[in-house]
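The primary structure of each chain is shown beneath.
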Amino acid sequence: MYKANSIRALRKITDSSMLGPIERYLAQAVVDKADIVSSAAIVTGIHLSVTHPELVKRWAGEVGEALKQRGVMAQYHALALLHKLRKNDKLSVSKLVQSVNTTPIRSPMALCLLIRMCTEVLKEDFEGAPDLSQFVVNSLKHSSEMVVFEAAKGICTLKVTNAKDLTPAILVLQLYLTSHKPVLRFAAIRLLNKVATTQPLAVTTCNVDMESLVSDPNRNIATLAITTLLKTGSEFSIDRLMKQIGTFMTDIADEFKIVVIDAMKLLCVKFPQKYSVLLSFLSEALRDEGGYDFKKSIVDAIIKIIDTNPQAKEEGLLHLCEFIEDCEFTLLSQRVLHYLGQLGPTTQNPHKYIRYIYNRVILETPAVRAASVSALAKFAGLCPPLRQSVKVLLQRVMQDNDDEVRDRAVFYTNVLDSSEEDVETFIVDVANSTAQRRARLNNEKDDDVARFTDEGAGEGAGAEPGSPLAEQVVKQHKQIEKAIAELMAHPSLKKYGRPHKTSEPEHITDTESEFVVTYLKHTYADRVIFEFRVNNNMDDVLLENISINMDCEMEGLEEEGGIPIKDLKSGESKSAYVTFAKDPDSFLTGSAACVLCFTMKEVDKDTGEPEEDGTEDEYQLEEVVLNICDFIEPYEVANFHKDWDDVGELEQHADTFALSAFKSLQAAADEIVGFLGMEPHNNSKTVPPKSKQHTVLLVGRLCTDPVSKLLVKAKVFFSTDNVVTLEFMIRGGDENIRLFLTQELVS
């Protein structure tokens, strides 16, 4: 006991200068016969590996010996230390797992860690490690419940697993559903709930056992059971399950209420005809007590139902109107008002929503009143018959006490009194742009729904969560806006104005190299500007005269010149530019080889001054690519079908193609959207489950002078010989543009 405590104390008080003399004693303690001493020494090694990894690596032999001891804790800590030392080397981790796999391990905790390590390797190469996958499956027969559950969890999280691979894990979890231990029942049903999101058919075998958990005295278990049944059950069981869960929604925590609401989002995709039942349940939940996250999840679910099912639009909007009548959360009220302003004018009777919005102008806080004014202006801009009535309401608001509210009312009143062109520019276009950005964020957050849809269509087996979060999309959008601002502020480039479209940043070097380079493409009607963002990661090194040499083989692009980076200190990030002129009527695609040229100078650590004579060097970058989507800006419209009819058949090109390379309608739809870079109207890129045909509605603005508005109907369906086929119709622009885009799509 004293020896173990002494080792722990030494770790706390020892600095770098004292490690040398005591290293031998620590290494000997690792193989001590006393489990508590060995464990204390290994834990000390785990802490020291953060600050002195080279020292701890010299203990590899002793740690390997400790792994073979009978001590339960020593085995666990020894395995953890070995993994920590090798975790950055995937090949080394794989070798460690294979070597440890033959060692008799008695510690359940060490076995759990080993299973996690096996799962980590299998995620990288499932087919190449059959021994590891067999070890994980065999662990399902272990006597420790902890090990069995960890093995089942590992199998269920493998992204390449299909329903057949999941069967052993599902059978074990099914047994745990009937356990007398609440913790086992909770763990099993929670894991099955996650599996049911991507593999509902694999979980249906547990439906009978989950039915018995609906009446479980633990409300959290009952909630997870019902939401899992909603994901795996049939259309006929929805009404009964909704009534059952409604009886104890008030008895469970907000965390589990959100789980229920998330299940509603999946149901609206699986059973769109049940939208009325789902909306009624959600509206009841809105009236219950709950925190911001709970209410936000309900609003998200209602909006999701409206976006995926046009029949639910009127009923869903009315539920949202009733919600803001008594909403205590400012952010939610603002979001609902913006959504009403976006979608309300497209309904059959838009005037019935104006009363709800104007009530917010009278009764709410300044932030909500300002959002209400903007929503009213959208109704006036998008619904000319209501314009005069809305102007009267806005004139009343011009006497508001708050500056923001009053200024918005004055601004929109003046816009509505001016020309139709101003209304289009300052109200309609702004509303469409806002809706477009919001839709793009929502598409990123709807990963679970998309994966559930793919599973329902028999695709996407084993898809794993992990696509970019909404916060990452917002961060990327800010990076693009920052790049545009710097471009427009540059003395040599600001004369070109704001680019028609700026692409997302892409890496053309390794993210851990000495200098990291990303590039963006700024497209105009008559030119393309490549921006190369260079980040200097080298310590005590100054880079000067940084330029990019591009070998562009695309005919029609003529290099006008480059703008180098004068100097780049360690840790700094700056941009170099290369400008190409092009024909305004051409939209070139292809790639270009790039070389980073620079002068490197060492910096004196003491004085901070660089050396006089530097070394000229260059670094080969990855190729940059120019695609059709770089010339098309995504654009959202309020009423696609009205705009489609307004353009007419005279400005249309249609053709039909076989897409034999695609095995599913969803894959074909995703490829079309990604290639053209247009905005899917009302999330139409999502193909309903088990659908034999689907039409994707796309809107975009082509980089011409003036800008050409394009509308696309891309109908994907299975032909009689079960081949994915595309019926492509495009309206807008001139005939050459329509023909060119059609040919590029199929080429």
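Model, not experiment: these values are computed from the prediction.

1. Overview of the pairing of strand β4 (residues 527–536)
Argument step 1. Where burial is concerned, most of β4 is hidden: 9 out of the 10 residues are buried.
Argument step 2. Sheet analysis places strand β3 (residues 515–523) next to β4, joined by 9 bridges and oriented antiparallel. By the bridge assignment, Lys521 is partnered in β4 with Phe530.
Argument step 3. Hairpin geometry of β3 and β4 is characterised by an intervening segment of 3 residues between the two adjacent antiparallel strands.
Argument step 4. In this sheet, strand β8 (residues 573–581) lies alongside β4 in antiparallel orientation, the contact comprising 9 bridges. Bridge pairing in β8 places Asn535 opposite Ser573.

2. Focus: empty space enclosed by the protein
Argument step 1. Applying the stated criterion across every chain yields a total of 1 cavity of 30 Å³ or more.
Argument step 2. Within this model, the largest cavity holds a volume of roughly 40 Å³.
Argument step 3. Broken down by class, the residue content of the lining of the largest cavity amounts to 3 nonpolar, 1 polar and 2 charged.

3. Description of the sheet that holds strand β5 (residues 541–552)
In sheet architecture, strand pairing relies on hydrogen bonds along the backbone and comes in two forms, parallel and antiparallel.
Argument step 1. Reading across from one edge, β7-β5-β9-β10 is the order of the 4 strands in this open sheet, with antiparallel pairing throughout. Strand pairing shows two members of the sheet lacking a second neighbour, β7 (565–568) and β10 (615–626), which therefore form its edges. Adjacent strand axes in the sheet meet at a mean angle of 30° when their direction is disregarded.
Argument step 2. Here β5 runs beside β7; their pairing, made up of 3 bridges, is antiparallel. What sits directly across from Glu544, in β7, is Asp567.

4. Details of the pairing of strand β16 (residues 724–731)
Argument step 1. In terms of burial, β16 is a largely internal element, 7 of the 8 residues being buried.
Argument step 2. Where strand β15 (residues 708–718) folds back onto β16 in an antiparallel hairpin, the turn is made up of 5 residues, including Asn722, whose phi is positive at roughly 65°.

5. Digging into the confidence of the model for the protein chain
Argument step 1. Averaged over every residue, the pLDDT of the protein chain is 82; residues scoring 70 or more account for 90%.
Argument step 2. Considering each helix and strand of the protein chain separately, the mean pLDDT is smallest for helix α27 (residues 447–456), with a value of 47, and largest for β8, with 92.

6. A look at the state of the cysteines
Each disulfide consists of one covalent bond between the sulfur atoms belonging to two cysteines.
Argument step 1. Scanning the entire structure with this criterion turns up 0 disulfides.
Argument step 2. Counting only cysteine sulfurs, Cys112 is the nearest neighbor of Cys118, a cysteine outside any disulfide, at a range of 12 Å.
Argument step 3. By relative accessible area, Cys118 is classed as buried at 0%.
Argument step 4. Of all cysteine sulfurs, the one in Cys321 lies closest to Cys327, which takes part in no disulfide; the gap is 13 Å.
Argument step 5. On the accessibility criterion, Cys327 (11% relative accessible area) is buried.

Definitions and limits used
Residues numbered from 1 in each chain as written. Predicted model: local features only at pLDDT ≥ 70, side-chain atom pairs only at ≥ 80, totals over all residues. Heavy atoms only, no water. Buried < 20%, exposed > 50% of the residue type's maximum accessible area, 1.4 Å probe, protein only. Helix = DSSP H or I, 4+ residues; strand = E, 2+ residues; numbered from the N terminus. Pairing = 2+ DSSP bridges. 1 Å grid on protein atoms, 1.4 Å probe; cavity = no way out; pocket = protein on both sides within 12 Å on 5 of 7 lines; lining within 4 Å. Points joined across faces, edges and corners; volume = space filled by probe spheres on them. Nonpolar A, V, L, I, M, F, W, Y, C, P; charged D, E, K, R; others polar. Axes fitted to C-alpha atoms, helices over the stretch in contact; angles between N-to-C directions. pLDDT = per-residue confidence, 0-100. Disulfide = S-S within 2.5 Å.

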